Every structure is written in structure tokens, then in C-alpha cells.
Amino acid sequence: MAGVEIRRVVKQYGRVEVLHGVDLSVRDGEFTVLVGPSGCGKSTLLRMIAGLEGITGGEIAIDGTVVNDMPPRERDIAMVFQDYALYPHKSVYDNMGFGLRMRGAAKSEIETLVHEAADILQIRHLLQRRPGQLSGGQRQRVAMGRAIVRRPKVFLFDEPLSNLDAQLRAEMRVEIKKLHQRFGTTIVYVTHDQIEAMTLADRIAIMKDGYLQQYGSPDEVYNRPANRFVASFIGAPPMNMTPASVSADARMIRLPSGMDVTPRGANLSACAGRDIVIGLRPEHVSLGDDPARTPVAGKVELVEPLGSETQATVRVGDARFTGRFSPEAGLKHGQDVTLGLALDRAHFFDAETGEAIRLAA
Amino acid sequence: MMRFPRPRVMVLIAGLIVVVNGFVPAIWIVLTSLKTEAELLRLPITILPDTLTFQNYTRVFTDQPILTFMWNSVAVATLSTLLCVTVSALAAYALVRLRLPAPGLILSLLMAIAMFPLISLMVPLFQVMRTIGLLNTWWALVFPYAVLSMPVCTMVLISFFQDIPKDLESAAMIDGCSRLGALWHVVIPLTAPGVFTAGILAFVNAWDEFLLALTLSSRVSSRTLPVGITLYQGEFSFPWPIISAALVVAIVPISIIIALFQERVVGGLTQGGMKG
């Protein structure tokens, strides 16, 4: 097992810089998820850890050793690819044993380790098949088997579940979590799915446009987002974002279309006289006038019943708030409602920079 | 009124023309090799031999050292094919995978090799081979044959290598292969149909070549089959049945090789390793 240190890592393709000095420290045995929208540089960073992409600047260390100039085979890592990347001309057994064979392991050792990994992943009955004879889920298991069979220092996962259907994805998510609990190996996992990130990670690194936005535990990035991007990227349905301006005495918030509301339960002195963006999670929007919450009147614009709850979007002036409500509320399109905004749980961001504004307690 | 499937008929006719054009001369040679010279010169001509004779085949082996010619042909064709496919595979891989400067220019230069008229190469090649002392050896033919087949072999392999997903090589490199190891363990097995296609092209080119073989190998001991077969012709005679029998003997090995390799030239090997 080993930690992974990424120090001021830069990646350029010709004159185009795609990673701009990323710093990241993955602790020994930690499950870190790199998450972000397409093109944010997360897969490039993973491939740089693997040694499949060169490093333009900065350095990467695995288990304390700088690996910038080390070929992939010497880094003692294993990788699971988005498209599985199983060798089509080899049986499942040979796919799993190939890495061991390349490292000169004895036949008997290969057999023991492959069978052990196959038992863990419940694919022993598939060992003599070729990848073309397997389903998507089975191929993904084989790809994971190929990775765990060598017991490497670090596992790298590059969007491994993105080709699976929703049910299989949920199953495999559990399998990956179990594998991490069983082996305790350091994992760096790339995904664009924030649910995967939240459910799997010990810590999440959120990236955008080649910059690291925030690196913290799922609780931290969800409850204390560093900026507007992180706040809106993490959480489903996404955080409600409403531009507003705060009065000089911080006692009044002006929402779009000039609606003034008096904030209850939040000390906005840090935002006094500033243009801000209010971020409010859907679970912090309720129906009816609650004395602890800031009331606003609006009209129901969209109702999405999900069975256990109903998500509804309510238009308040020019702003929109999505909330998660009880199905018993019986919300209808066009209905006039009063929303209670829990501004004490809201996040406030600078309107210009998007950086979070920390309120006084 | 019944509609006539015209495009299918056209395709059928085109296919027939190709097949007939290819097979009729070969069948004619086989039939000629089984006739006596007297029957061949008789009018009206016969298609099937009146009296079947294998005498011509005996003469093929007794009149000239055809086994030596054949051994030279096999050696030269095999060595030039191995050299050509190895270099072409490395070149194709580099052009497909490595970020080379001006890959378009490299490809154009490669194709330019294929444009040289062979006759223009003969004199310089002769002088080079004489200077380095390779005249009348296999290598005098192996090197030029390998180079002459390289453009087409490289193009064939490029088209096959482009279909191999990059992640397969990445997986191999993480599993412990060097780049060349990934090429050997993953890319080459998966592009076996392409490698065999390129190999067959190079082998047939080398097997059939006449002009360079005539120029660079003047000793009987180093002659290849195409040149050796001309030795059956006398100063004032053309023993067509014997020459035909020699041609049949020359065709047999290459037919066997093509038949063996054709089994390997099957697609679909890459199916299933990736998503889908």
C-alpha cells in the first residue's frame, strides 16, 4: 500500500495547458475520487499517475518515490479502464494472469492468485471463456479481477461503471466499496457521476477546467463547498442558486425582480452591501410559513413525483427554487404556495468570484 | 412482370470475369503439363490430354536443378517477408501511435518508394551489391524485395493497427509490458489477419519477381524459380509441356502457403474486449 503525492502538476499538449499546477495528496489506503465535468482533466491526471501520459511540470510520487520518468510497468499500479480493455484473444484466466506472467511469477503462483481473485469476484466459472463471451457486468468483474490479482500499491479506476446500466452500476459500486474495505489499498477513482463520488470516496477532489476546486470528505464538499461550482456540481437535484444583493445593514436581501426578504436565522453581516449568490439545497426549502425560516411567496412551475418524495420547482419572482416535498402535499402545477427558505443552512457566494463567503456563527 | 435484380447480376458477372481470368491460364498450364509435346503441336488442339503423361514432371527434376531454384526462392521469399513485415509493423505502429513529426510526409515518402520503376533501380542496385560483395547471394535479393514490399505492407498494417483501441496497449503496459512488449503481446496477435495479409503480399511479390533476380543472381546455384524456369528453354526450342510442368511445380509451394495462411486471415478477433 502507498500514498500518492501530486505536486504542482502541469500538463500541456503543444501550447494548450490542460492541467494548471494541481496539488493533491492521497493518503495510504485512502479512496480518493476525482470528479468533474467532461474535459476537466481528471482522466488526464489519472493517466499521468499511471504513467500513460507524460508530465509537463511538477511531480508525482507513489509511496514516496517520484515516478515522473518511471514507465507504467515499474510503478506497481493496476488500472481498470472505462471500456474494460480486456485482451480479446486471451481467456479470462489468461487476462487475469497476464500481469503476473509478465512479472515472471511461477505457474502455480499465477494459478493460486487468479483463482483467489476469481473467487472474490465470483467469476471462477468464467475463467476459460473469452471476453467476447461475457456480458458487460462480467467483463467489468474480469477487469477488476485483473487489477486485484497483482495486489498493487495503488488501484486506478477510470470511469469503470459508465458503460453499465443503472442497476448493474449500483451493484458494482457496492462491489468496489467491498474490495476497498477488504484490501485497504489506495484507490484513485475517476468519475463524472457525483453520486458515485459521494458514495465511494473517503475524499473527493472536484476539478474544473484543469484546476482543483476542492479536496475534502463527502461531508465537507457537500456541506461546506469552497465555491459556487462545487456547490452546484455536488448534490442531486442540484443546489438552488439565486443572485441577490444584501443591504448595507445586512437585514434585507433583495432577490431578482426586486423582491425584498428579511432573512431569519442567518447573520449576513459578512455579506453586507455585497452582490452575492445564495445557494440553498432542495432539502432546505419547505412548504408553509415556518417561524425559523424565511418565507417567500411563489407559484409551482414543475412537479416531479418520485414516489417517496415529490420534487417541485417554484417560481419566486424571477428566481426559481426546487424543493423536495412530501407526496401528501399534493402540489399542482400553477398552485400558489409559500416557501420557507432555511437561510441558516444556505451557502453564500461572491457574485463575481463565486468563492464561498463564510458567515459569522 | 418479375423485377430483375440487375446490380446482383452485374456483381456476379464481374466476379466471374475475375475468377475466369485468374483460373483459366492456371488450368491451361496444368493441362499442358500433362500432354506430350506432339499432342500440344497437333491440330485441332485438344483441351484435355488424349494420353496422360507425367514424363514432363520427371524432366523438370532431371533437366535442371529445380530443387535448388526452389530452395533459393523459399529462402529469399521467407527472409525478405520476415524482414519486410518486421520493419513495416514497427513503421506502421510508429505512424499510428507515436507523435512523430510530419507523419504525412513520412507516409508520402514511403509511398514514393512504391512509385520507382524497378528498371531504374537495377543499375544502382547491381553496383551496390557488387561493391558490398552480395552479388549471387540470397541477401542481394532479400534486401531489395523487403524494401519494395514495405510501402504496401506498412499501409495494410496501418489500417489494421488503427482499429486497435489504445487502452488495450495501456493495459498491457500497466500489466508489465514495454511499448514493444505491448506491440508483440497484444497488437500483433489482434492484427494477425493484417500481419498475414502483409506477409502474403510480401511473399508473393518476392516469389514472382524476375527482373532483379535475373540481374543480381547470375549463377545457377543462386537462381530463384522465375529465372530458373527460363533455363528449360533451349536455344531453338520451347518445350512448353516441360515449362508448364515447371510452372506447376513453382505454383504448388506458394499455393500451400497461401492456403495455410488464409485460415489465419480471419477478422473479428478484436470483438468483445472492449465495451459494446
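Quick notes on the rules
- Residues numbered from 1 in each chain as written.
- Chains lettered and ligands numbered in written order.
- Predicted model: local features only at pLDDT ≥ 70, side-chain atom pairs only at ≥ 80, totals over all residues.
- Helix = DSSP H or I, 4+ residues; strand = E, 2+ residues; numbered from the N terminus.
- Buried ≥ 20, exposed ≤ 12 C-beta atoms within 10 Å, placed from the backbone.
- Axes fitted to C-alpha atoms, helices over the stretch in contact; angles between N-to-C directions.
- Parallel < 35°, antiparallel > 145°, perpendicular 65-115°, else oblique.
- Left-handed = near helix turned anticlockwise from the far one by under 90°.
- Contact = placed C-beta atoms within 7 Å.
- Nonpolar A, V, L, I, M, F, W, Y, C, P; charged D, E, K, R; others polar.
- Pairing = 2+ DSSP bridges.
- Expected span 1.5 Å × (residues − 1).
- Core = buried A, V, L, I, M, F, W, Y, C linked by C-beta atoms within 7 Å.
- pLDDT = per-residue confidence, 0-100.

Caption draft 1: Structural detail: the overall build of chain A. If you tally the helices and strands in chain A, you get 8 helices and 21 strands. Once the C-alpha set of chain A is aligned to its principal axes, its extents read approximately 75 × 45 × 35 Å. In chain A, which comprises 361 residues, the share counted as buried stands at 42%.

Caption draft 2: Quick peek at the overall build of chain B. Looking only at helices and strands, chain B features 13 helices and 0 strands. Traced from its N-terminal end to its C-terminal end, chain B shows the element sequence α-α-α-α-α-α-α-α-α-α-α-α-α. Seen through its principal axes, chain B has C-alpha atoms that stretch 75 × 70 × 30 Å. In chain B, buried positions account for 33% of the 276 residues.

Caption draft 3: Spotlight on the packing of helix α5 (residues 103–115) of chain B against helix α7 (residues 139–161) of chain B. Residues and elements named next belong to chain B. Axis separation between α5 and α7 bottoms out at 8 Å; the angle between their running directions is 130°. Relative to α7, α5 is oriented oblique. When you trace α5 past α7, the crossing you get is left-handed. Only Val147, Met150, Pro151, Val152 and Thr154 of α7 make contact with α5, whose side of the interface consists of Leu110, Met111, Ile113 and Ala114. Of the residues that constitute the contact of α5 with α7, the class distribution is 8 nonpolar, 1 polar and no charged.

Caption draft 4: Representation of the sheet that holds strand β3 (residues 31–35) of chain A. Residues and elements named next belong to chain A. Read across the open sheet, the 6 strands follow the order β6-β7-β8-β3-β9-β10; overall the sheet is mixed. Strands with a single pairing partner mark the edges of an open sheet, and in this sheet they are β6 (77–80) and β10 (211–216). Averaged over all pairs of adjacent strands, the angle between strand axes in this sheet comes to 15°, irrespective of strand direction. Pairing of β3 with strand β9 (residues 203–208) involves 4 bridges; the strand directions are parallel.

Caption draft 5: Focus on helix α10 (residues 192–208) of chain B. Taking 1.5 Å of rise per residue, 17 residues should cover 24 Å, and α10 of chain B covers 24 Å from first to last C-alpha, within 8% of that figure. Among the residues of α10 of chain B, those classed as buried are Gly194, Val195, Phe196, Thr197, Ala198, Gly199, Ile200, Ala202, Phe203, Ala206 and Trp207 of chain B.

Caption draft 6: Main features of the pairing of β3 of chain A. Residues and elements named next belong to chain A. Counting buried positions along β3 gives 5 out of 5 residues, so the element sits mostly inside the fold. Of the two faces of β3, both are covered, the one formed by Phe31, Val33 and Val35 as well as the one formed by Thr32 and Leu34. As paired strands, β3 and strand β8 (residues 186–191) are joined by 5 bridges and run parallel to one another. Looking across to β8, one finds that valine 35 is bridged to threonine 191.

Caption draft 7: Inspection of the nonpolar core at higher detail. Core analysis: the largest hydrophobic core is formed by 146 residues, its most contacted members being Leu34, Ile49, Met79, Leu156 and Val188 of chain A together with Leu141 and Cys153 of chain B. Among the nonpolar cores identified, the runner-up in size contains 12 residues, and Val60, Ile229, Leu247 and Ala250 of chain B belong to it.

Caption draft 8: Just the confidence of the model for chain B, in detail. Taken as a whole, chain B shows an average pLDDT of 86; of its residues, 93% reach a score of 70 or greater. Overall fold confidence for the complex sits at a pTM of 0.82, while the interface term, ipTM, reaches 0.85.

Caption draft 9: Examining the interface of chain B and chain A more closely. Across the contact, 21 residues belong to chain B and 25 residues belong to chain A. Elements that contribute at least two residues to the side of chain B that touches chain A include exactly α8 (166–174) and α9 (179–190) of chain B. No other element matches α8 of chain B, which puts 6 residues into the side of chain B that touches chain A. Split by residue class, the side of chain B that touches chain A holds 11 nonpolar, 7 polar and 3 charged.

Caption draft 10: Broad picture of the sheet that holds strand β13 (residues 260–261) of chain A. Residues and elements named next belong to chain A. Across the sheet, 6 strands lie side by side as β13-β12-β11-β14-β20-β21; this open sheet has antiparallel pairing. The two strands at the open ends of the sheet, each matched to only one other strand, are β13 and β21 (356–357). Two elements, strand β11 (residues 240–246) and strand β14 (residues 275–280), share 6 bridges in a ladder whose sense is antiparallel. Opposite alanine 244, over in β14, you have isoleucine 276 as the bridge partner.

Caption draft 11: Examining unusual backbone geometry more closely. Note that the residue after alanine 236 of chain A, namely proline 237 of chain A, is joined by a cis bond; omega there is -5°. Following the sequence through the fold, proline 237 of chain A ends up in the loop between α8 (228–233) and β11. Omega for the peptide link from leucine 43 of chain B to proline 44 of chain B comes to -5°, which places this bond in the cis form. Mapped onto the fold, proline 44 of chain B is located in the loop between α2 (37–41) and α3 (55–63).

Caption draft 12: How the structure looks around the packing of helix α4 (residues 136–148) of chain A against helix α5 (residues 166–183) of chain A. All names here are of chain A. At their nearest, the axes of α4 and α5 sit 11 Å apart, and the two run at 15° to each other. Classified by the interaxial angle, the pair formed by α4 and α5 is roughly parallel. At the point where α4 passes α5, the crossing takes the right-handed sense. On α5, the residues touching Gly136, Gly137, Gln140, Met144 and Ile148 of α4 are Leu168, Met172, Leu179 and Phe183. Across the contact of α4 with α5, the residue classes tally to 6 nonpolar, 3 polar and no charged.

Caption draft 13: Just the environment of lysine 299 of chain A, in detail. In this structure, lysine 299 of chain A sits in strand β16 (residues 294–305). Taking the C-alpha atoms as reference points, lysine 299 of chain A and arginine 320 of chain A, separated by 21 residues in sequence, lie 9.5 Å from one another.

Caption draft 14: View of the pairing of β6 of chain A. All names here are of chain A. Every second residue of β6 is oriented toward a common face, with Ile77 and Met79 on one face and Ala78 and Val80 on the other, all of them buried. The sheet contact formed by β6 and strand β7 (residues 154–158) spans 4 bridges and is parallel. Each bridged residue has a counterpart across the sheet, and for methionine 79 the counterpart in β7 is leucine 156.

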